[in-house]
Structure formats: structure tokens, C-alpha cells
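# Breakdown of the fold
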Amino acid sequence: KQWYQRRVAITAGNAGEPYGLMVNETIISNFMSEMGYSTHGVGKWHLGYCSWDLTPVKRGFDSFYGYYNGHETYYTKVTHNFFDFRFDTPAQNGSVNSEVVWSVNDTYSTVNYAAQAAKVVHEHDQRKPLFLYLPMQSVHNPNEVPDSYFQMYEGIVENVKRRTLLAMITAMDDAAEVVVSALKQANMWENTIFIFFSDNGGPLKGIGNGQVNYPLRGGKYSYWEGGIRSTSFIHSPLLPGGVINEELLHVTDWLPTLTHLAACGVEPSSKCSGPYHEDIDGVNQWDAIVGAGKSNRTEFLVNIDPKEKNSALRWGPWKLYHGNPGKGDWVPPPRISEERYNAQFTEDLREREKFETDIEYVMDSEWNDPDSIMLFDVVADPAETRELSKANPDVVKTMLERLEYYQSRTTPPRNCPRDPASDPAKFGGVWTPWLKSC
């Protein structure tokens, strides 16, 4: 998984590392707060916490309930051998009131988050609008779930990892129901827009915990469609249902899209312009989402990684890889044997006339060459089976020029090794901000 480091100058951070999202970056919670919303975060932070200035309630949230790091256990709330779970609110003197919530130890985090989100809703002052950010821990590793959910899939799914993952998803579904029920009980549901989306595809076998990206290729930690194309939906009593949207959207589009909603409600841009954001990567996509127009973007940078010496770009239907895009297997669902999958998958592709090149060419070991180029039409071929760079040299030339443009404006990553001063043993066994500034 890569963060959008062209702007924020960081890639995925680990516990105790002295950097994070820079304090001069204005994020969605800041904008919502400035627009008069009550703002609450429940779940995962993972944007740095080396100083209190980097933590959620110093970044526009009225409260935060959850963990600062990138992953932890679901029951004991432990990562890298130490506890990480707290409830933060702003202090009157401008500092942070931070309570370490030891009481959640040995309780399931998905249940904790659902209960806290419902509490936020019930305690909300409805004279103000509400922005609730709920980045669930599910279904990140480790594989942990209450036995009652695991037993739901007895006799249905044999693979234990897959069965556990599905049980975790069901628990997350129930958590969503708790939040929706709270909104309905508070008479807030009829004016709510509910957005659900994933940050990346599932990790592949070996590091995976039962996810399936099939028939997409690759997974988390790669630039393949299985790693970056995620599922999402929007639901609201204010909107018509049953619409499938295939327009080109990027994660950075959420900020201007959501601030448009905060200012204009569900009105399209033709009737309400919403706030203007200068020099950002995202574009307002509300019209495209509700079918009132086309996508406002024709391309997006997947990533530029100076350490790994690779990059990727989407331009219209085209997707270009420069260097090694990561592990690119097609991993079938566990119920299908690999032998049957390998034979059946390629045969089906040929029958659909999608297999115009030799699969071994695409799986070439020359990926390790930072100068290697691959091109795919991911609209006609979302499974990325046909490598087309030799047949489309003009497209390759244009996209390489665009990558050079982005490269010239890329901020070098500020990653640092773990700071010994961050040792939680110095802070009662809890991961805690340890610097005045960072």
C-alpha cells in the first residue's frame, strides 16, 4: 500500500517513526469543521503521531476514538508488543485530552467502534450538521473474529482463512447496521449521505488472510487493478437507488466532492458551485456520481516510488507501468484448485478472444528492470491479460511524458527509522506522542 506521497511526502508509516502528515496540510476534517460541522473520527488514524499536533483532534476533529498506528490486534489492541487505543478530545488550553481506554482490552474492536459511532450520533447536537469518519479496522490482518460469526459459515466455506474473513465482514456489516439504526432512531437518517469504500484490494496469498481480488490481477502492495481498484457505494434517502457508476474517480476526489456536499447538499454543480480548493489533486465528482455529468478527470497518478524505482499512471482507458508494479498473480477463490484454475482461466480468456498475447510475456521476470514498460487497456481488459505497449508507441510516449511531469513535482518522502525515544515502556506501555514537534 502506498500513500499519495507526491503531496504528503510519506509512504506507509510504522509505530514509533518520527514523521507523519505535515501540519500545513489541510484535510477533510479541517474543512468540515470550518463549514460548521461537528466532526468525529472512530477507528484507525495511521497518519502519524510523533507529536500531539499530528493527532486527530489537532487536525479538525472534535473527538477521536481508536488507534494511532496502522494495524493491531482486534481484542487486545496491541501492536508491536504495546497497547494502542484511546479517546481524544480538545482541551481548553489548546492541547489534547487523551484517555487511554484500557477497558476495551479483550473486547472486539468492530463492536467497540459501532458502539462509539452510535454514541456520537445519539449525543450529537442537531442544531449543527454531522461529519462522522469511521475507518474500520476490518478486514485488515490479523484474522480475528468472535466465534458466533465464524460458526455462521460452517459447512459453507471450508478454507479457514476465507471463512474467518467472511465472518469478519459479516461483523462489519452488523456494525454498519448499528450506525444506520442509530441515525434512524435520532431522526437523522432521512438527511444522511452514507458512503462506504475500501482503501485498496486484498493482499495476495502468502501475506493474505483470505481475500479474493479475482478476476482482477495482483493485490495490495502492487499497482495492478487488484491492488488499487476498490469497491464502494453511496446510499441516501436523498438519492435515487440502483445506479451503477463506472466513471473514472480517484481517492483524492473525495475531499472536493464531500465539501461540495457539505455546502450544497445533493444539488449538482450547475445549481450550486460549492467551495473552491486551490492547488489540490482531487476534483469534485458529485455530478458524475449522481449521473448528472461525466467524470471531471481523464487521468490519475497511481504512484511514483523513488525507493522502489517504479511508477504507474492511468490515462483514459490506458494504464502504464514503468518498472516493477509488484506481484501480479491472478489468485482464484479458495474453492477452486490451482490446477483447475490455471487450465480453466486461460481457456475462458481465449474463448472470449481476450487472450491475444502469450501470458508468459506478461509474467516476464524483466519486471526487475526499472526501465521496463507495460501498457494495458483496463476498460476493455480489466484483468490485465494483454500487454499492448509495442502496438501503441504513441500512447506510451505520451504517458511517459506525463510521468515525467509528475516526477518533476514530487516531494521526496520523509520516512525515518523508529525513534528509540518513542519506546512505549516510557509511557506506561502505550504508544504515545513523544516529541514537541516533528
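About the thresholds
- Residues numbered from 1 in each chain as written.
- Predicted model: local features only at pLDDT ≥ 70, side-chain atom pairs only at ≥ 80, totals over all residues.
- Heavy atoms only, no water.
- Helix = DSSP H or I, 4+ residues; strand = E, 2+ residues; numbered from the N terminus.
- Buried < 20%, exposed > 50% of the residue type's maximum accessible area, 1.4 Å probe, protein only.
- Contact = heavy atoms within 4.5 Å.
- Areas by Shrake-Rupley, 256 points an atom, 1.4 Å probe, with all protein chains shown as cover.
- Pairing = 2+ DSSP bridges.
- Expected span 1.5 Å × (residues − 1).
- Arc of directions from axis to C-beta.
- Axes fitted to C-alpha atoms, helices over the stretch in contact; angles between N-to-C directions.
- Disulfide = S-S within 2.5 Å.
- Core = buried A, V, L, I, M, F, W, Y, C linked by side-chain atoms within 4.5 Å.
- Polar contact = N/O pair within 3.5 Å; in protein donor to acceptor, adjacent residues only side chain to side chain.
- pLDDT = per-residue confidence, 0-100.

Tallying secondary structure elements over the protein gives 11 helices and 13 strands in all. For the protein, with 438 residues in total, the buried portion stands at 50%. In the protein, of all internal contacts separated by at least 6 residues, the share reaching a separation of at least 24 is 66%. Only carbon and sulfur atoms are counted for the fraction: they give 51% of the accessible area of the protein, which is about 21900 Å².

Burial within strand 10 (residues 299-305) is extensive, with seven of its seven residues counted as buried. Looking at chain direction, strand 10 and strand 11 (residues 310-315) are connected through six bridges and run antiparallel. Across the sheet, the residue bridging to Asp305 is Asn310, located in strand 11. Connecting the antiparallel pair strand 10 and strand 11 is a turn made up of four residues, with Lys309 showing a positive phi of about 60°.

The subject of this paragraph is helix 11 (residues 393-408). One turn of an α-helix holds 3.6 residues; hence residues three or four places apart share an orientation. The first and last C-alpha atoms of helix 11 sit 23 Å apart over 16 residues, in line with the 22 Å expected at 1.5 Å per residue. Every buried residue belonging to helix 11 is among Val395, Val396, Met399, Leu403 and Tyr406, and all of these are buried. Each buried residue of helix 11 lies within a common arc of 95° when the element is viewed along its axis, so the set occupies one face. Relative to its buried face, helix 11 has exposed residues pointing more than 90 degrees away, namely Asp394, Lys397, Glu404 and Ser408.

With that settled, consider the sheet that holds strand 2 (residues 63-67). Note on sheets: strands pair through backbone hydrogen bonds, and any given pair is parallel or antiparallel. One open sheet holds the five strands; their spatial order is 6-5-2-1-7, and the pairing between them is mixed. Edge positions in the open sheet fall to strand 6 (96-100) and strand 7 (130-133), since each of these has one partner strand only. Here the average twist between neighbouring strands, direction ignored, is 15°. Inspection of the sheet shows strand 1 (residues 38-44) paired to strand 7 by four bridges, in the parallel sense. The residue of strand 7 that forms the bridge with Ser38 is Leu130.

Moving on, we get to unusual backbone geometry. Looking along the chain, the bond that leaves Ser138 and enters Val139 is cis, with omega of 0°. A cis amide bond links Asn141 to the next residue, Pro142, at an omega of 5°. Position of Pro142 among the secondary structure elements: in the loop between strand 7 and helix 4 (147-150). The phi dihedral of Asp279 falls on the positive side, at around 55°, and the residue is not glycine. For Asp279, the location among the structural elements is in the loop between helix 7 (254-264) and helix 8 (286-289). Given the relative accessible area of 59%, Asp279 is considered exposed.

Time to look at the state of the cysteines. What the rule picks out here adds up to two disulfides. Bridging Cys50 to Cys438, the disulfide has an S-S length of 1.8 Å. The sign of the 90° torsion about the S-S bond sets the Cys50-Cys438 disulfide as right-handed. With Cys50 in the loop between strand 1 and strand 2 and Cys438 in the segment after helix 11, this pair connects stretches of sequence that are 388 residues apart. Its relative accessible area of 0% is what places Cys50 among the buried residues. Its relative accessible area of 36% is what places Cys438 among the partly exposed residues. Bridging Cys264 to Cys272, the disulfide has an S-S length of 1.9 Å. Taking the torsion about the S-S bond as the criterion, the Cys264 to Cys272 disulfide, at about -65°, is left-handed.

Right, let's talk about the nonpolar core for a bit. Membership of the largest hydrophobic core comes to 27 residues, with the highest contact counts inside it found for Met32, Trp45, Tyr49, Phe131 and Leu258. Looking at this core, the elements with two or more residues in it are helix 2 (28-34), helix 7 and helix 8. With four residues, the single largest contributor to this core is helix 7.

Here we come to the sheet that holds strand 10. Here we have four strands laid out as an open sheet, ordered 10-11-12-13, and antiparallel in their pairing. Only two strands of the sheet have a single neighbouring strand rather than two, namely strand 10 and strand 13 (373-377). Going across the sheet, the axis of each strand differs from the next one's by a mean of 10°, ignoring polarity. Of the strand pairs in this sheet, strand 11 and strand 12 (residues 318-322) are connected by five bridges, and their pairing is antiparallel. The residue of strand 12 that forms the bridge with Trp315 is Trp318. Each of strand 10, strand 11, strand 12 and strand 13 is contacted by helix 11, which is oriented at about 115° to strand 11, the strand it contacts most.

If you trace the backbone, Ile193 turns up in the loop between helix 5 (160-185) and strand 8 (194-197). Classification of Ile193 as partly exposed rests on a relative accessible area of 26%. For Ile193 and Ser236, which are 43 residues apart along the polypeptide, the C-alpha to C-alpha distance reads 4.8 Å. Among all residues touching Ile193, those that are not within four sequence positions of it are Ile234, His235, Ser236, Leu238, Leu261 and Val266.

Within the secondary structure layout, Glu225 lies in helix 6 (residues 225-228). Looking at Glu225, its side chain comes within polar contact range of the side chain of Arg229, at 2.7 Å. The contact partners of Glu225, leaving out residues within four places of it in the chain, are Leu216, Arg217, Lys319, Tyr321, Val378, Pro382 and Glu384.

What follows is about the confidence of the model for the protein. Put simply, the protein has an average pLDDT of 88, and 89% of its residues get 70 or more. Confidence drops under pLDDT 50 across residues 348-366; counting only partners more than four residues distant or on other chains, this segment forms 27 contacts.

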